Amino acid sequence: MKIVEFFRRLFAKPSPAPAPQPPAPEPVRVEYSDPRVPEGAQKRIQRILESLKDVYDAAQREQAGGINRFELDQMRDLHLPKLVKSYIDIPPAHRAEIFRKTGKSASFILDESLDTMQAKLDGMLRSLAQHDLDAFTHNTQFIGQRYADKDNPFL
């Protein structure tokens, strides 16, 4: 028996080592209330930050597996601040170049990008709310079937 085990180990393929996980990127630091950020964008950013908190809270309450918390963390710690920082870093004298290239102002493009992020969060919130709606509907149907049975003489 030991000889069989010896040969099996000898000819077995070594199991691959798990791939190392890349280090998490450092969060980008930016002051969202920076006066160089347009007021409309600041309001959008505030709404995104509130929605992020709402999604985290709802996902925690629901123990939702369909919500990618890594994606939320990246949006909060990397993508949103990086977007805003890249806008702030454009020298004002060169912002017109963006308009010449795209036909849209830098602030308009910033707002569009922020709206895209907000739409993603709104979709996540809708998905989480649908879970609650489905649970409520299921429970009301159960109650209706269980307690409204007129043919049951014991009720």
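The structure presented is a predicted model; accordingly, all values stated were derived computationally and were not measured.

*Asks:* Honestly, the packing of helix α3 (residues 69–88) against helix α5 (residues 106–147) in this entry has me stumped. Any pointers?
*Replies:* Angle between the axes and distance between the axes are the two parameters that describe a pair of packed helices. In contact at an axis separation of 11 Å, α3 and α5 are set at 170° when each is read in the N-to-C sense. With respect to their mutual orientation, α3 and α5 come out roughly antiparallel. Between α3 and α5, the residues in contact are E71, L72, M75, H79, L80, L83 and Y87 and A106, S107, L110, S113, L114, M117, K120, L121 and M124, respectively. Among the residues making up the contact of α3 with α5, the classes are represented as 11 nonpolar, three polar and two charged.

*Asks:* Would you mind showing me how to read the environment of D89 here?
*Replies:* Mapped onto the fold, D89 is located in the loop between α3 and α4 (95–102). Take D89: its relative accessible area is 47%, and that puts it in the partly exposed class. In this structure, the C-alpha to C-alpha distance between D89 and R36, residues 53 residues apart in sequence, is 9.3 Å. A distance of 2.8 Å separates a polar atom in the side chain of D89 from a polar atom in the side chain of K85.

*Asks:* Help me out: how do you make sense of the nonpolar core in this one?
*Replies:* In this structure, L72, L80 and L121 are the most contacted members of the largest nonpolar core, which totals 25 residues. Counting only elements with at least two residues in this core, the list comes to α2 (39–62), α3 and α5. The leading source of residues in this core is α2, at eight residues. Dropping the residues within four chain positions of it, L80 is found in contact with Y32, I45, I48, L49, M75, L114 and M117.

*Asks:* I tried to follow the pattern of salt bridges on my own but got confused; where do I start?
*Replies:* A side chain with one charge may pair with a side chain of the opposite charge, provided their charged atoms come close. Throughout the structure, instances matching the rule amount to 11 salt bridges. Two residues, E39 and K43, come together in a salt bridge whose shortest N-O distance is 3.4 Å. With E39 and K43 both in helix α2 and four residues apart, this pair spans about one turn of that helix. You'll find E39 and K43 in the same group, each marked exposed. A salt bridge links R76 to D77; the shortest N-O distance between them is 2.7 Å. Via salt bridges that share partners, R44, D111 and D115 belong to a single interconnected network.

The rules behind the values
- Residues numbered from 1 in each chain as written.
- Predicted model: local features only at pLDDT ≥ 70, side-chain atom pairs only at ≥ 80, totals over all residues.
- Heavy atoms only, no water.
- Axes fitted to C-alpha atoms, helices over the stretch in contact; angles between N-to-C directions.
- Helix = DSSP H or I, 4+ residues; strand = E, 2+ residues; numbered from the N terminus.
- Parallel < 35°, antiparallel > 145°, perpendicular 65-115°, else oblique.
- Contact = heavy atoms within 4.5 Å.
- Nonpolar A, V, L, I, M, F, W, Y, C, P; charged D, E, K, R; others polar.
- Buried < 20%, exposed > 50% of the residue type's maximum accessible area, 1.4 Å probe, protein only.
- Polar contact = N/O pair within 3.5 Å; in protein donor to acceptor, adjacent residues only side chain to side chain.
- Core = buried A, V, L, I, M, F, W, Y, C linked by side-chain atoms within 4.5 Å.
- Salt bridge = Lys/Arg side-chain N within 4 Å of Asp/Glu carboxyl O.

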